[in-house]
Amino acid sequence: MSGFVLRRLGFAVVTLFAVLTIVFFIVRILPGDPAMVILGDQASMQAIEALRARLGLDRPLPVQYVEFMAGVLTGDWGTSMVSGRPVIAEILKVLPATLELTFVSLVLGAIIGVPLGVWSAVRRNQLPDYVTRLASLLGLSFPAFVSAVLLLLVFAIQLNWFPVISSGQGTTFADRMRDLALPAINLGLIMAAYITRVSRSSMLEVLGQDYVRTAQAKGIAFATIIWRHCLRNSMIPVVTVVGLYLGILIGNSVLTEIVFNRPGLGKLIVGALNQRDYTMLQGMMVIYTLIVVVVNLLTDLTYGLIDPRVKYK
């Protein structure tokens, strides 16, 4: 088990290093001069060059790269080129809101998706199966911002059940959940569509195994076979898709936060893109990379809990 964990940790470190390197160079490929964006078109060349020197943009790329990697390793991610405040402080201020939205959406998607996938597999080629497959297809077809607008129009504007602006600043738990409801439902339904289809396919494969037929021949209740024996053996593909699509879920959370005017990483990254704030963009990408790498590592370790044979691979 220890060798399995060490191999996964080593792979995670290499992946993180490679992604951070790509992020550093991609950010600098973006068109536009940050100094000119900050000072405006009417600024003199002397002022622009002075600001570039103060921001460190006049130094060679290899020097900037070494400073960037050293800062990531030491926790010093620099200061925002626009606001002048520490990047890590700006990110940590809004990160909890995005993590809260992502976590609740993930739990909601699993609670809906797994039972629906199992039910669809058990009722294969029957009406429940057709309805579930159609619903999951619709969930995959709607972009996150389109479904978010539809939810706003119906439940916030027409029915007035939820606030139009999800401020996330409620003083009580009930207020926070009311603010979180529509954004979480929007992302949760998309995640449920993915999980439903994967759960159905995996359960159908498990239901065709010999040990399932043997259990049925012994007279074991079908519900017991499904929930005690089949479900665990069908979970590895589900865990895989949850880990893989968590990055997509975080990306969709950016769009959702913008539509619902909810505080989070979404507004921060859009503002950084518009203002060519290199240091802020780098910090945002570092956070996203860390989240995805950690989730993938936890996904690999979860395999060993679900199927002990994975521990020795």
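It should be noted that the structure appears before, not after, this text.
Heads up: these notes are all about the structure in this document. Please read these numbers as outputs of a predicted model, since none were measured by experiment. (Residues numbered from 1 in each chain as written. Predicted model: local features only at pLDDT ≥ 70, side-chain atom pairs only at ≥ 80, totals over all residues. Heavy atoms only, no water.)

### What to know about the overall build of the chain
Move 1: Scanning the chain from terminus to terminus reveals 13 helices and 0 strands.
Move 2: Along its sequence from the N terminus, the chain presents helices and strands in the succession α-α-α-α-α-α-α-α-α-α-α-α-α.
Move 3: When the 313 residues of the chain are sorted by exposure, 41% land in the buried category.
Move 4: Partitioning the intrachain contacts of the chain with sequence separation of at least 6 by distance along the chain shows that 74% fall at a separation of at least 24.
Move 5: Within the structure as shown, the chain displays about 16,700 Å² of accessible surface, and the carbon and sulfur contribution to it stands at 68%. (Helix = DSSP H or I, 4+ residues; strand = E, 2+ residues; numbered from the N terminus. Buried < 20%, exposed > 50% of the residue type's maximum accessible area, 1.4 Å probe, protein only. Contact = heavy atoms within 4.5 Å. Areas by Shrake-Rupley, 256 points an atom, 1.4 Å probe, with all protein chains shown as cover.)

### A word on the nonpolar core
Move 1: Ranked by size, the top nonpolar core spans 51 residues in total, and within it Ile91, Cys230, Leu265 and Met284 carry the most contacts.
Move 2: Setting aside residues no more than four positions away along its own chain, Leu265 makes contact with Ile91, Val94, Leu95, Thr98, Glu257, Met284, Ile287 and Tyr288. (Core = buried A, V, L, I, M, F, W, Y, C linked by side-chain atoms within 4.5 Å.)

### Quick notes on the side chain of Thr196
Move 1: By secondary structure assignment, the location of Thr196 is in helix H8 (residues 173-207).
Move 2: Looking at Thr196, the relative accessible area reads 5%, which means it is buried.
Move 3: A polar contact is formed between the side chain of Thr196 and the backbone oxygen of Ala192, at a distance of 2.6 Å.
Move 4: Once residues lying within four places of it in the same chain are set aside, the contact partners of Thr196 are Gly113, Leu116, Gly117, Thr132 and Ser136. (Polar contact = N/O pair within 3.5 Å; in protein donor to acceptor, adjacent residues only side chain to side chain.)

### Concerning the pattern of salt bridges
Move 1: The full count for this structure, using the stated rule, is 4 salt bridges.
Move 2: Measuring nitrogen to oxygen at the nearest pair gives 3.3 Å for the salt bridge that ties Arg133 to Asp129. With a gap of 4 residues between them, Arg133 and Asp129 both fall in helix H6 (residues 127-141), about one helical turn apart.
Move 3: On the basis of relative accessibility, which here comes to 34%, the residue Arg133 falls in the partly exposed class.
Move 4: Here Arg200 and Asp129 are joined by a salt bridge, their closest N and O atoms 2.8 Å apart. Of this pair, Arg200 sits in helix H8 while Asp129 is found in helix H6, placing the two residues 71 residues apart along the sequence.
Move 5: Looking at Arg200, the relative accessible area reads 15%, which means it is buried.
Move 6: Accessibility expressed as a relative area gives 0% for Asp129, which makes it buried.
Move 7: Among the charged side chains, a network of salt bridges with common partners joins Asp129, Arg133 and Arg200. (Salt bridge = Lys/Arg side-chain N within 4 Å of Asp/Glu carboxyl O.)

### So, the packing of aromatic side chains
Move 1: Overall, the coordinates contain 1 aromatic pair when judged by the stated rule.
Move 2: Between the aromatic rings of Phe155 and Trp161, the centroid separation amounts to 5.8 Å while the plane-to-plane angle is 40°, which identifies the pairing as tilted. (Phe/Tyr/Trp six-rings, centres within 6.5 Å; stacked < 30°, edge-to-face > 60°.)

### Digging into helix H7 (residues 144-158)
Move 1: With 15 residues, H7 should cover 21 Å at 1.5 Å per step; its first-to-last C-alpha distance of 20 Å lies within 8% of that length.
Move 2: The largest bend in H7 comes to about 30°, at Leu152.
Move 3: Its buried side turned inward, H7 meets H8 and helix H11 (235-259).
Move 4: After H7 finishes, the residue Asn160 shows a positive phi value of roughly 60°. (Expected span 1.5 Å × (residues − 1). Bend = angle between axes of the 7 residues up to and from the residue.)

Nothing here speaks to function; it is all geometry.
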